[in-house]
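A closer look at the structure
Residue strings, one per chain:
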Amino acid sequence: MTESAAKPRVAVHKFSSCDGCQLAFLNLGETLLQIAELVDIVHFAEAGPLDPEAAVDIAFVEGSISTPDEVERIQRVRANSRFLVSIGACATAGGIQSLRNLAEDNQWLGQVYARPDYIATLDKVTPIAGQVKVDLELWGCPVNSRQIVSAIRALLFGVVPVTEQDKVCLECKRQQRVCVLVAQGTPCMGPVTRTGCGALCPSFGRDCYGCYGPAENPNTQALARRFEGLGLAPDAIARRFHAITSGAPAFHEAGLQQSDLKRQEKDHGG
Amino acid sequence: MADETQQRSVELHVPVLTRVEGEGALHLRIRDGQIEQLQLAIFEPPRLFEKFLEGRSYEEVPDLVARICGICPVAYQMSAVDALESLFGIDPGPWVQDMRRVLYCGEWIESHSLHIHLLAAPDFFGYDNVMAMAKDHPDEVRRGMHLQGLGNALIRLLGARSVHPVGVRVGGFHHAPDEREVDNLLRQLRDALPQAEAMVRWTAAIDLPERTQSFPSVACQSDDYPLVGGRIVSDRGLSIDKSAFEQQFAEHQEPHSTALYSLLDGQPYLVGPMARLNLHRDRLPAAVTHLMDSLPIDWPSANPFHGMVARAIEIYYALHEAIRLLGAYRRPAQPFVPVTPKAGTGFGCSEAPRGLLWHRYDVDAQGLITAARIVPPTSQNQARIEADLRESLTDFGLDQPDDALRQHCEQVIRNYDPCISCATHFLRLTTERL
């Protein structure tokens, strides 16, 4: 990363989020201390170092953009960073809070706060790439420490980190798990969801709920038909796609198609 | 000298509080030696969780509410299943209840260790952050990180991952670990007891400021030291069913904060580890009370700076409790009971690492959520933090230099381990015009 002998400078920024992806650093234990030897962590408010305007080699960005202040702040982060990595579902797809974008009117704030005029928010929640150029996206709700450490290690070696975009199914097969969709008839999102978690939900005998977002070439329509065959109503299928990563285009559209079906059923007195 | 102090006007802004979870700031205005304005401003953007939950099936709730907080997702899952099972009239049985305590112990160990070592302790040893502190105090920091790792391992045992774990369902768990996994972890937990004891003594030996403040302590109450469910009690005589919470506790909004303020009979109150120890130390096992008796701190305590020691004691307790429950582990035929949804309103409470976490769900006959309300611990502590700051700053001396004042304010705030991400996303459903 660096031309000089100086250690690469790293920042960790937080936007609208639950702080869970920062734990991929804070839960590293001994490895966190080793990373602090390899790189210079110049900004990471939750861990202590505070210098939000510092120029850095790598910026990790957690969270989505949901206020006017955040729009300005992410521009400055981009301008100050050589390599910008968005981490987690909020940063890569808007996260769970982008469910707000699907609300038919924008009355939520008023139903939430007695004085919505005290609260500054944008009408729509956007991922980081909706605002600035992003060099690498690490998906997951949350991202795990393996993903973070692999990315740092690759960047320190001066190579582009490998992007994981296989389906959860492939990881599940490699682990020789019993398929929860085929064997138990549970509406597993594994066939369309990006790998990286280690197929945790099927390993616990339950359905994947898509928290790593869409895999490459996801056949969402075929999976929706399969869910229909399992007896799920269109609105229940829509909720499968519109959950943690509803802002990812493939899941966004698949969910909307189901919502349209539900509306048609209603119109026909169904 | 006294005149100079009285005439001094200070405007102090801490635009970003570091080593807290989420985004907050502090505004302090001192005029003529008096605090004119003091605001803990929480500007974490609202994520409006209670609205997402509307129209969702009860089955989805544990996975969705986990996303409120990456540091205490288990707490949100536990209060949610407590509320929904209370409504549906389900008793998940002793195995599920025991394993929920084990899972929750994992979260207390993880969250408290993170707070003590990474967020709070650097203040008391004169460092800006844990990476710097580790250079001079490597053993203490490694010990803390090891305990944090064990907490995470406990959550993984029952939840597959430590952040947003996937094991909890209404009615029980998706998966029961096998005995070998449990035995492996049990051995590590037993080995860590002497380290946890040393860690408690280490926090108790830190030279902490002397303070005496008056505040009600509020926590859940059950037969054991409180974790999931029970009544809600205070040390001023309050004892109510969890369904009566809204009649006693009122939330209001302030212009400077995206978190709501919660008051008990119009007054600030304390929730969290210190409140729990103040109320329930008679429910702790002998091993823990013996250790407490040997420390130079008398409980109940009125010094908020004892919050860090209270966290350390709870880590020691949570290790003992997980060892006790896992020591009797048997793998069940099925780790959950079947659930049939029922229309109505369900109330749930549990003790998040930072204190009482209260949930209410309105559910229809299909099991879809029609309304939700969640009151997290940090919005309950917010008014208490401001009250503490006013008293602490006066005790500390308003004539102290700005840097010292700022640093003292941050220390006081960190005593409460505020989780600002949690505090922000909550809303009232009945609109109240102020």
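Everything numeric here is computed off the predicted structure, so don't read it as measured data. (Residues numbered from 1 in each chain as written. Chains lettered and ligands numbered in written order. Predicted model: local features only at pLDDT ≥ 70, side-chain atom pairs only at ≥ 80, totals over all residues. Heavy atoms only, no water.)

1. Looking at the sheet that holds strand 4 (residues 81–87) of chain A
Residues and elements named next belong to chain A. Heads up, the rule is: For two strands to pair, DSSP has to find at least two bridges joining them. Comment: elements are numbered from the N terminus, with helices defined as DSSP H or I runs of at least four residues and strands as E runs of at least two. As a rule, the C-alpha atoms of each element are fitted with a line to give its axis, helices using only the stretch in contact, and angles between N-to-C directions run from 0 to 180 degrees. Should any heavy atoms of two residues lie within 4.5 Å, those residues are counted as being in contact.
Here 5 strands make up an open sheet; going across it, the order is 2-1-3-4-5 and the pairing parallel. Strands with a single pairing partner mark the edges of an open sheet, and in this sheet they are strand 2 (40–44) and strand 5 (136–138). Strand-to-strand, the axes of this sheet are offset by a mean angle of 20°, without reference to chain direction. Alignment of strand 1 (residues 9–14) against strand 3 (residues 56–62), held across 5 bridges, turns out to be parallel. Its bridge partner lying in strand 3, Val 10 is registered against Ile 58. Where helix 3 (residues 68–79) meets the sheet, its contacts fall on strand 1, strand 3 and strand 4, and the angle it forms with strand 4 comes to roughly 130°.

2. Description of the packing of aromatic side chains
As a reminder, the rule being used: Working definition: rings of Phe, Tyr and Trp (its six-membered ring) pair if their centres are within 6.5 Å, and the pair is stacked with planes under 30 degrees apart, edge-to-face with planes over 60 apart, and tilted otherwise. Partly exposed describes any residue whose relative accessible area lies between the buried limit of under 20% and the exposed limit of over 50%, with all areas from a 1.4 Å probe on protein chains only and scaled to the type maximum. Consider the ring centre and the ring normal. A charge sits over the ring if Lys NZ or Arg CZ is within 6 Å of that centre and within 35 degrees of that normal.
For the coordinates displayed, the defined rule picks out 16 aromatic pairs over all chains. Measuring from centroid to centroid gives 5.2 Å for Phe 25 of chain A and Phe 60 of chain A, while their planes differ by 70°, and the two rings are edge-to-face. Separated by 35 residues along the polypeptide, Phe 25 of chain A in helix 1 (residues 23–26) and Phe 60 of chain A in strand 3 bring together distant segments of the chain. Note on Phe 25 of chain A: relative accessible area 3%, which makes it buried. On the numbers, 6.0 Å between centres and 35° between planes, the contact of Phe 347 of chain B with Trp 358 of chain B is tilted. Of the two residues, Phe 347 of chain B sits in strand 11 (residues 344–352) while Trp 358 of chain B sits in strand 12 (residues 355–363), which places them 11 residues apart along the sequence. Given the relative accessible area of 18%, Phe 347 of chain B is considered buried. Among the aromatic residues, those joined into a ring-pair cluster are Phe 245, Phe 249, Tyr 269, Phe 347 and Trp 358 of chain B. Above the ring of Phe 336 of chain B, the side-chain terminus of Arg 169 of chain B is found at 3.6 Å from the ring centroid.

3. Some points on the domain arrangement of chain B
All names here are of chain B. This is how the line gets drawn: Delimitation of the domains relies on an automatic or database domain assignment. Note on definitions: buried area is the accessible-area loss of two parts on being combined, 1.4 Å probe, summed for both. Should a side-chain nitrogen of Lys or Arg be within 4 Å of a carboxyl oxygen of Asp or Glu, the pair is scored as a salt bridge. Counting of polar contacts relies on pairs of N or O atoms within 3.5 Å, with two restrictions inside protein: one atom must be capable of donating a hydrogen and the other of accepting it, and residues adjacent in sequence are counted only when both atoms are side-chain atoms. Under this grouping Gly is polar, as are all residues other than the nonpolar Ala, Val, Leu, Ile, Met, Phe, Trp, Tyr, Cys and Pro and the charged Asp, Glu, Lys and Arg.
Under the domain assignment used here, chain B contains domain 1 (8–46 + 380–433) and domain 2 (49–379). On a C-alpha basis, the centres of domain 1 and domain 2 stand 24 Å from each other. Counting from both sides, the interface comprises 39 residues of domain 1 and, opposite them, 58 residues of domain 2. Counting the surface lost from both domain 1 and domain 2, the interface buries some 4200 Å², and carbon and sulfur atoms represent 50% of this. Counting every contact that joins domain 1 to domain 2 gives 3 salt bridges. Asp 123 serves as the salt-bridge partner of Arg 414, at 2.6 Å between the closest nitrogen and oxygen. At the boundary of domain 1 and domain 2, one finds 20 residue pairs in polar contact (both at pLDDT 80 or more). Among the secondary structure elements, those contributing two or more residues to the side of domain 1 that touches domain 2 are strand 3 (34–42), helix 13 (377–396), helix 14 (402–414) and helix 15 (420–424). It is helix 13 that provides the largest number of residues to the side of domain 1 that touches domain 2, a total of 12 residues. Here the residues of the side of domain 1 that touches domain 2 are counted per class, giving 17 nonpolar, 11 polar and 11 charged.

4. With respect to unusual backbone geometry
The peptide bond linking Cys 141 of chain A to Pro 142 of chain A adopts the cis configuration, its omega dihedral lying at 5°. Relative to the assigned elements, Pro 142 of chain A resides in the loop between strand 5 and helix 6 (145–156). Omega for the peptide link from Trp 299 of chain B to Pro 300 of chain B comes to 0°, which places this bond in the cis form. Tracing the sequence through the fold places Pro 300 of chain B in the loop between helix 11 (286–293) and helix 12 (307–327).

5. Focus on helix 3 of chain A
Residue and element names in this part refer to chain A. Stated formally: Each helix should span, by expectation, one fewer than its residue count multiplied by 1.5 Å. Here the arc refers to the set of directions running from the helix axis out to each C-beta atom.
Spanning 12 residues, helix 3 covers 18 Å between terminal C-alpha atoms, matching the ideal 16 Å at 1.5 Å per step. Residues of helix 3 that are buried: Glu 70, Arg 73, Ile 74, Val 77 and Arg 78. Down the axis of helix 3, the buried side of the element spans an arc of 140°, and every buried residue falls inside it. Residues of helix 3 that are exposed and angled more than 90 degrees away from the buried face: Glu 72 and Ala 79.

6. Focus: the sheet that holds strand 8 (residues 239–240) of chain B
Residues and elements named next belong to chain B. Within the open sheet, the 3 strands sit side by side as 6-7-8. Their pairing is antiparallel. Both edges of this open sheet fall to strand 6 (218–221) and strand 8, since each of them pairs with a single strand only. With 4 bridges joining them, strand 6 and strand 7 (residues 231–234) adopt antiparallel strand pairing. Residue pairing across strands places Ala 219 opposite Val 233, the latter belonging to strand 7.

7. Considerations on the nonpolar core
Stated formally: For this analysis, a nonpolar core means a set of buried residues of the types Ala, Val, Leu, Ile, Met, Phe, Trp, Tyr and Cys, connected via side-chain atoms within 4.5 Å.
One finds Phe 60 of chain A together with Leu 326 and Tyr 361 of chain B to be the most contacted residues of the largest nonpolar core, which totals 167 residues. For this core, the leading source of residues is helix 5 (residues 93–125) of chain B, giving 16 residues. With 18 residues, the next largest nonpolar core counts Val 168, Cys 188, Ala 199 and Leu 223 of chain A among its residues.

8. What about the confidence of the model for chain B?
Residue and element names in this part refer to chain B. What counts is decided by this rule: Per-residue confidence from the predictor is reported as pLDDT, a score between 0 and 100.
Averaged over every residue, the pLDDT of chain B is 90; the share at 70 or more is 90%. Predicted confidence is poor over residues 424–434, with pLDDT under 50, and the contacts of this stretch with residues over four places away or in other chains come to 46 contacts. Prediction confidence for the complex, expressed as pTM and ipTM, is 0.94 and 0.94 respectively.

9. As for the packing of helix 7 (residues 138–159) of chain B against helix 8 (residues 179–204) of chain B
All names here are of chain B. Quick reminder of the rule: What makes a crossing left-handed is the near helix being turned counterclockwise from the far one by less than a right angle; a clockwise turn instead makes it right-handed.
The N-to-C vectors of helix 7 and helix 8 enclose an angle of 145°; their axes lie 10 Å apart at closest approach. The hand of the helix 7/helix 8 crossing is left-handed. Only Glu 181, Val 182, Leu 185, Gln 188, Leu 189, Ala 192, Gln 195, Ala 196, Ala 198, Met 199 and Trp 202 of helix 8 make contact with helix 7, whose side of the interface consists of Glu 140, Arg 143, His 146, Leu 147, Leu 150, Ala 153, Leu 154 and Leu 157. Here the contact of helix 7 with helix 8 is built from residues that sort into 13 nonpolar, 3 polar and 3 charged.

10. Observations regarding the domain arrangement of chain A
All names here are of chain A. For chain A, the assigned domains are domain 1 (3–156) and domain 2 (168–267). Inter-centroid distance (C-alpha atoms) of domain 1 to domain 2 is 26 Å. Taken together, the contacts link 16 residues of domain 1 with 17 residues of domain 2. Taken over both partners, the interface formed by domain 1 and domain 2 buries close to 1100 Å², and the fraction arising from carbon and sulfur atoms is 59%. Area buried by domain 1 at its contact with domain 2 is led by Leu 102, Trp 139 and Cys 141, which between them contribute 44% of it. Inspection of the domain 1/domain 2 interface yields 0 salt bridges.

11. Side note on the pattern of salt bridges
Residue and element names in this part refer to chain B. Applying the stated criterion across every chain yields a total of 35 salt bridges over all chains. The partner of Arg 406 in a salt bridge is Asp 403, with the nearest N and O atoms 2.8 Å apart. On the criterion of helical spacing, the pair formed by Arg 406 and Asp 403 is a turn pair, its members being 3 residues apart in helix 14. Exposure remark for Arg 406: the relative accessible area of 29% places this residue in the partly exposed category.

12. Observations concerning the packing of helix 5 of chain B against helix 7 of chain B
Residue and element names in this part refer to chain B. We count it as follows: Working definition: roughly parallel below 35 degrees, roughly antiparallel above 145 degrees, roughly perpendicular at 65 to 115 degrees, and oblique for all remaining angles.
Here helix 5 crosses helix 7 at 155°, and the two axes come no closer than 8 Å. Of the possible angle classes, the one that applies to helix 5 and helix 7 is roughly antiparallel. At the point where helix 5 passes helix 7, the crossing takes the left-handed sense. For the pair helix 5 and helix 7, the contacting residues are Met 99, Val 102, Leu 103, Gly 106, Glu 107, Ile 109, Glu 110, Ser 113, Leu 114, His 117 and Leu 118 in the first and Glu 140, Gly 144, Met 145, Leu 147, Gln 148, Gly 151, Asn 152, Leu 154, Ile 155 and Leu 158 in the second. Taken together, the residues of the contact of helix 5 with helix 7 sort by class into 11 nonpolar, 7 polar and 3 charged.

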